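Given next are the chains, with one letter for each unit.
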Amino acid sequence: MSDGYYNSKKTDDICEDVCGQGSKAAATISRLKCVLRGFDLRTYLFFFVLMPFGILAIYLHGQKFTYFFRPLWESPPKPFQTIPHYYNENVTMQSLCSLHGWGIRESPRRVFDAVLFSNEKDLLTVRWNELYPYVTQFVLLESNSTFTGLPKPLVFKSNKDQFSFVEPRLTYGSIGGRFRKGENPFVEEAYQRVALDHLLRIAGIEEDDLLIMSDVDEIPSAHTINLLRWCDDIPHVLHLQLKNYLYSFEYYVDSKSWRASIHRYNPRKTRYAHFRQSDVMLADSGWHCSFCFRHISEFIFKMKAYSHSDRVRFSHYLNPKRIQDVICEGTDLFDMLPEEYTFKEIIGKMGPVPRSYSAVHLPSYLLDNAEQYKYLLPGNCIREKQTGFI
């Protein structure tokens, strides 16, 4: 046998002799030394450099790893059957209904627009002015609790004078929060949506009336609602494809927003919800402006208040300077990768959202009052500072 073998054997024998002598504490230390003596440099590097670095990387970026490899463990949802959307202001309603394969009614359906309200005053103003000519009744419910159980003031009630133009057609309600710590935020959200069902009945909704189900920042276009109230034989539940914007109408993301929906109300079946309820979707039906706030404090409030508040993994995410930088760069508030189902789409959307310099086909009220709402238009990413969100 080689000398290397005998040297190794001799070392092992010495270790056994040492570990067997002396006090118990000394024996433990000696045994540890014997174990460590058998490790080479690569082993030390792995345990004391690479492993801690890997644990830190998972702690900081584990969510990104999960989202990036999403295509491996989650299949994309079933595609919608998308109905082409035809519109021109000079085309008659009868022709428009016919282009969609629908008939035309002798009189338009009544329309109810129902929303859960948190603090999006500006977007609510834009929304209600856009829909005002065609909505029969505006229905709004707010709570003194966020979905995450944080107390909040009744923002709409405190600013009701700003919405006096809808007062004759408004059904307003408020509901007390349950303030249950540690509960899944979606439970509180569902609780408030059930209350909105009750408020709709108080507002007088009846069978075959049109009901708009969408968040405040999901704004159907006026001509879409006018089309659906006049046309006959439209689907009983129709999702609306909206253009996705982030922080303002300067950052156009894609046209994949689908959660907004229109329902031909059925008192036995229709329940207010914000998930997929049919396989049919009408193309190019409005706008979804996510996190489109005037003040930095409003961003911070929503990040802590909405159902996905678990995305605030580190306290510095709420730093006002960081939030302002993120808005002007068009990057993600939560430092997340795109929520897509293919590697091609994930990689294609990584990085900042490209700026758009188009303000064509936006809500008319927004353009008529451009100076008041300039932060929502291209070229105005700097937000105003404010201590509260009212």
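By the naming in an unreviewed UniProt entry, the protein goes by Beta-1,4-N-acetylglucosaminyltransferase family protein and is assigned to Cardamine amara subsp. amara.

Draft legend 1. Region of interest: the environment of Val237. Secondary-structure assignment places Val237 in strand β9 (residues 237–240). Here the alpha-carbon distance between Val237 and Thr270, two residues 33 residues apart in the chain, equals 9.3 Å. In this structure Val237 touches Ile262, His263, Gln277 and Ser278, once residues within four positions along its chain are discounted.

Draft legend 2. Quick peek at the state of the cysteines. For the coordinates displayed, the defined rule picks out 3 disulfides. Between the sulfur atoms of Cys289 and its disulfide partner Cys292 the distance amounts to 1.9 Å. Residues Cys289 and Cys292 are joined by a disulfide whose S-S torsion is about -85 degrees; by sign, that bridge is left-handed. Assigned by exposure class, Cys289 and Cys292 land together as buried. Between Cys328 and Cys381 runs a disulfide, and the two sulfur atoms are separated by 2.1 Å. Between Cys328 and Cys381, the S-S torsion sits near 95 degrees, and that sign places the bridge as right-handed. Placement of the pair is Cys328 in helix α11 (residues 320–329) and Cys381 in the segment after α13 (364–368), with a sequence separation of 53 residues. Both residues of the pair, Cys328 and Cys381, count as buried. Along the protein, the cysteines engaged in disulfide bonds are linked according to the scheme 1-2, 3-4, 5-6 when indexed in sequence order.

Draft legend 3. The layout of surface pockets, seen in detail. One number sums up the size of the second largest pocket: a volume of about 470 Å³. Every residue lining the second largest pocket is counted, 18 residues in all, and those nearest its centre are Tyr87, Ser221, His223, Trp287 and His361. Among the secondary structure elements, those contributing two or more residues to the lining of the second largest pocket are α6 (121–131), α9 (222–230) and β14 (286–290). Among the residues forming the lining of the second largest pocket, the class breakdown is 5 nonpolar, 9 polar and 4 charged.

Draft legend 4. A look at the pairing of strand β4 (residues 137–143). Within β4, 7 of the 7 residues are buried, which leaves the element mostly enclosed by the surrounding structure. Taking every second residue as pointing to the same face, both faces of β4 are buried, with Gln137, Val139, Leu141 and Ser143 on one and Phe138, Leu140 and Glu142 on the other. Viewed along the sheet, the connection from strand β3 (residues 111–117) through α6 into β4 turns out right-handed. Here β4 pairs with strand β5 (residues 170–175) via 6 bridges, running parallel. Paired with Glu142 across the two strands is Ser174, which belongs to β5.

Draft legend 5. Highlighting a nonpolar patch on the surface. On the surface, Phe69, Leu72, Trp73, Phe343, Ile347 and Met350 cluster together into a nonpolar patch covering about 630 Å² of accessible area. The set of elements that each furnish at least two residues to the nonpolar patch consists of α4 (70–73) and α12 (343–349). Mapped onto the fold, Phe343 is located in helix α12.

Draft legend 6. Structural view of the packing of aromatic side chains. Here the structure, examined in full by the defined rule, presents 19 aromatic pairs. Ring geometry for Trp128 against Phe138: centres 5.1 Å apart, planes inclined by 45 degrees, an arrangement best described as tilted. Of the two residues, Trp128 is situated in helix α6 and Phe138 in strand β4; the sequence distance between them amounts to 10 residues. The two residues Trp128 and Phe138 agree in class, both being buried. For the ring pair Tyr247 and Phe299, a centre distance of 6.3 Å and an interplane angle of 55 degrees mean the geometry is tilted. You can see Tyr247 sitting in the loop between β10 (242–246) and β11 (252–257) and its partner Phe299 sitting in helix α10 (residues 296–305), a full 52 residues away along the chain.

Draft legend 7. Spatial organisation of the packing of α10 against α11. Packing of α10 against α11 leaves a shortest axis separation of 10 Å and a crossing angle of 100 degrees. For the element pair α10 / α11, the angle class is roughly perpendicular. Residues Ile296, Phe299, Ile300 and Met303 of α10 form the contact with α11, whose own contacting residues are Pro320, Ile323, Gln324 and Ile327.

Draft legend 8. Just the sheet that holds β3, in detail. Across the sheet, 8 strands lie side by side as β1-β13-β9-β12-β6-β3-β4-β5; this open sheet has mixed pairing. The open sheet has two edge strands, β1 (81–83) and β5, and neither has a second partner. Each strand axis lies, on average, 25 degrees off the axis of its neighbour in the sheet, ignoring direction. Sheet strands touched by helix α8 (residues 185–203): β3, β4, β5 and β6 (210–213). Its angle to β4, the strand with the most contacts, is close to 145 degrees.

Rules and cut-offs
- Residues numbered from 1 in each chain as written.
- Predicted model: local features only at pLDDT ≥ 70, side-chain atom pairs only at ≥ 80, totals over all residues.
- Heavy atoms only, no water.
- Helix = DSSP H or I, 4+ residues; strand = E, 2+ residues; numbered from the N terminus.
- Contact = heavy atoms within 4.5 Å.
- Disulfide = S-S within 2.5 Å.
- Buried < 20%, exposed > 50% of the residue type's maximum accessible area, 1.4 Å probe, protein only.
- 1 Å grid on protein atoms, 1.4 Å probe; cavity = no way out; pocket = protein on both sides within 12 Å on 5 of 7 lines; lining within 4 Å.
- Points joined across faces, edges and corners; volume = space filled by probe spheres on them.
- Nonpolar A, V, L, I, M, F, W, Y, C, P; charged D, E, K, R; others polar.
- Right-handed = clockwise from strand over helix to strand, strands pointing away.
- Pairing = 2+ DSSP bridges.
- Patch = residues over 30% accessible without salt bridge, like charges linked within 9 Å, V, L, I, M, F, W, Y side chains within 5 Å.
- Areas by Shrake-Rupley, 256 points an atom, 1.4 Å probe, with all protein chains shown as cover.
- Salt bridge = Lys/Arg side-chain N within 4 Å of Asp/Glu carboxyl O.
- Phe/Tyr/Trp six-rings, centres within 6.5 Å; stacked < 30°, edge-to-face > 60°.
- Axes fitted to C-alpha atoms, helices over the stretch in contact; angles between N-to-C directions.
- Parallel < 35°, antiparallel > 145°, perpendicular 65-115°, else oblique.

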